[in-house]
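Residues per chain are reported as follows:
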Amino acid sequence: MATNPLRAWTSRPSRHARVLVVSALFWLVGPAAAEPALQGVKGRCEIQFSGSSTFHGFSGEVRSRPFELEPQLDTSSGHARWSGAVEVAVAEMDTGIERRDRKMREMFDAERFPLIVADFSNVGDAALARARSGGEFDLDFNLTIRDAKRPVTAKASHWTEQGLGASFDVAFELSLKSFGLEVPPVLGLLRVDDVVTLSAHVTLDELPGPLREPAAPERLPGSPASGT
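Residues numbered from 1 in each chain as written. Predicted model: local features only at pLDDT ≥ 70, side-chain atom pairs only at ≥ 80, totals over all residues. Heavy atoms only, no water.

Trainee: What is the right way to read the overall build of the protein from this model?
Mentor: Along its length, the protein carries four helices and nine strands. Mapped from its N terminus to its C terminus, the protein presents α and β elements in the order α-α-β-β-β-β-α-β-α-β-β-β-β. A burial count over the protein gives 32% of its 228 residues as buried. Nonlocal contacts in the protein, meaning residues at least 24 apart in sequence, comprise 61% of its contacts between residues at least 6 apart. Looking at the protein as shown, the accessible area adds up to about 15300 Å², and 56% of this sits on carbon and sulfur atoms. (Helix = DSSP H or I, 4+ residues; strand = E, 2+ residues; numbered from the N terminus. Buried < 20%, exposed > 50% of the residue type's maximum accessible area, 1.4 Å probe, protein only. Contact = heavy atoms within 4.5 Å. Areas by Shrake-Rupley, 256 points an atom, 1.4 Å probe, with all protein chains shown as cover.)

What follows is the structure in C-alpha cells.
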C-alpha cells in the first residue's frame, strides 16, 4: 500500500527540523552549564590592638571566628561582589593581665554584647585590582561594638597570593568615645587614651576561580623569552 507523502512528512521530523531542535536545546542550557556557580570566600583574622596610658602602653590580641564572604552578582556590571561579617568574641580578647581583661570586658558589656562585628559589603573587582597593584588600598566596613554601629575605613596592604589562597594586612585607628565606651577607673593603668590602634593579618583559604590571578602562559622549550 502506498504511503501518503504528507502523512510521512508530518509523522517523522525532517533532518533539518531535528538539527534546529538540538541547536535550540544547546542554546538554552549552554550558558547555565558553562558558568559555574559562584562560591564564597572563607577566611580568618589574627588581630592585635594597642593603646597608650599615663605611664606606659598596653597591647593585646584576639583571633576572629572563621568567616565566609558570600557572593552576589551585580546585574548592572555582570561582576561578582562579596559580603559578609567578621566576628570577634570579647571574652577572647587577651592583654596578658587578667585583672585588665576583666575591666575590658566590663567596658564592652560582654555579657549583653558578647561579639564585636565588622560587616563587609560590596567587596569587588576594584578592591582586588588595587590589592594586586602592590600598594595600600582602602577597605570599608561597618563596625558594631555593643549597640553602636560606625563606618570604618581601614588601610589594607601586603596582598600575597600563594596556591589557591591569599593573605593581606589591615590597620586602622578606633576612637573609644565614638562608640560611647568609657574606660573603667581601674584598668591596670591610670588613664587610657581615647584612640586605640588595631591591626590584623587576614588569611583567605581559597579564592574562587573568578578571583584568582590568571597564570602566566607556559613558555615552550626552545622558544624565545618574552621581551627578547
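Now, onward.
Trainee: Would you mind going over unusual backbone geometry with me for this structure?
Mentor: Across residues other than glycine, the phi torsion is negative in most instances, and most of the peptide bonds are trans. One non-glycine residue, aspartate 109, lies in positive phi territory at about 50°. Among the structural elements, aspartate 109 can be located in the loop between helix H3 (98-107) and strand S5 (115-123). A residue is classified by how much of its surface remains accessible, and aspartate 109, at 22% relative accessible area, is partly exposed. Phi angles above zero are rare outside glycine, and arginine 146 is one such case at about 55°.

Trainee: What's the story with H3 in this structure? I'm lost.
Mentor: Within the span of H3, buried status applies to Arg100, Asp101, Met104 and Met107. In an axial view of H3, the angular spread of the buried residues amounts to 115°, which keeps them on one side of the axis. The secondary structure elements touched by the buried residues of H3 are strand S1 (41-51) and strand S2 (58-63). Downstream of H3 by one or two residues, aspartate 109 has phi in the positive range, about 50°. (Arc of directions from axis to C-beta.)

Trainee: Explain the nonpolar core here, please?
Mentor: In globular proteins that are soluble, nonpolar side chains generally tend to be buried together. Residues Met93, Phe108, Leu143 and Phe172 are the most contacted members of the largest nonpolar core, which totals 46 residues. For leucine 143, the contacting residues outside a window of four places in its chain are Ile116, Val117, Ala118, Ala148, Lys149, Arg150, Val152, Phe172, Leu174 and Phe179. (Core = buried A, V, L, I, M, F, W, Y, C linked by side-chain atoms within 4.5 Å.)

Trainee: I tried to follow the confidence of the model for the protein on my own but got confused; where do I start?
Mentor: Do not read the fine detail of predicted coordinates wherever pLDDT is low. Per-chain confidence: the protein averages 79 in pLDDT, with 71% of residues scoring 70 or above. When pLDDT is averaged over each element of the protein, strand S9 (residues 195-204) comes out on top at 96 and helix H2 (residues 15-34) at the bottom at 46. Between residues 19-34, whose pLDDT stays under 50, and residues either more than four places distant or in other chains, the model counts one contact. (pLDDT = per-residue confidence, 0-100.)

Trainee: Looking at this model, I keep getting lost on the pattern of salt bridges. Mind explaining?
Mentor: Opposite charge on two side chains permits them to pair, given that their charged atoms come into close proximity. On inspection of all chains with the given rule, the structure shows eight salt bridges. The partner of arginine 105 in a salt bridge is glutamate 98, and the shortest N-O contact between them spans 3.1 Å. When its relative accessible area of 21% is taken as the criterion, arginine 105 is described as partly exposed. A salt bridge links aspartate 138 to lysine 155, with the nearest nitrogen and oxygen atoms 2.7 Å apart. Placement of the pair is aspartate 138 in strand S6 (residues 137-145) and lysine 155 in strand S7 (residues 148-162), with a sequence separation of 17 residues. (Salt bridge = Lys/Arg side-chain N within 4 Å of Asp/Glu carboxyl O.)

Trainee: In this structure, what is going on with the packing of aromatic side chains? I would like to understand it.
Mentor: The description of an aromatic ring pair uses the distance of the two centres, along with the angle that the planes make with each other. Evaluation of the coordinates by the stated rule reveals four aromatic pairs. Both rings, one in phenylalanine 141 and one in phenylalanine 172, keep their centres 5.6 Å apart while their planes meet at 75°; by these two values the pair is edge-to-face. With phenylalanine 141 in strand S6 and phenylalanine 172 in strand S8 (residues 165-175), this residue pair connects regions lying 31 residues apart in the sequence. Like phenylalanine 172, phenylalanine 141 is buried. Each member of the aromatic cluster is reached from another via a ring pair, and the members are Phe120, Phe141 and Phe172. It is arginine 150 that lies over the ring of phenylalanine 179; its NZ or CZ is 6.0 Å from the centre. (Phe/Tyr/Trp six-rings, centres within 6.5 Å; stacked < 30°, edge-to-face > 60°. Lys NZ or Arg CZ within 6 Å of the ring centre and 35° of its normal.)

Trainee: Quick question: what am I supposed to make of the pairing of S2 here?
Mentor: Covered by surrounding structure in S2 are Phe58, Gly60 and Val62 only, the residues Ser59, Glu61 and Arg63 on the alternate face being uncovered. Judged from the six bridges that link them, S1 and S2 form a sheet pairing that is antiparallel. Pairing of isoleucine 47 across the sheet is with valine 62, part of S2. (Pairing = 2+ DSSP bridges.)

Trainee: Where do I start with the pairing of S7 in this structure?
Mentor: As a general feature of sheets, a regular strand has side chains that alternate between the two faces. Relative to S7, S6 runs antiparallel, the two sharing nine bridges. Bridge pairing links aspartate 140 to threonine 153 in S7. Both S7 and S8 contribute to a ladder of six bridges, which runs antiparallel. Its bridge partner being in S8, serine 157 is matched across the sheet by aspartate 169. Hairpin geometry of S7 and S8 is characterised by an intervening segment of two residues between the two adjacent antiparallel strands and by a positive phi of about 65° at glycine 163.

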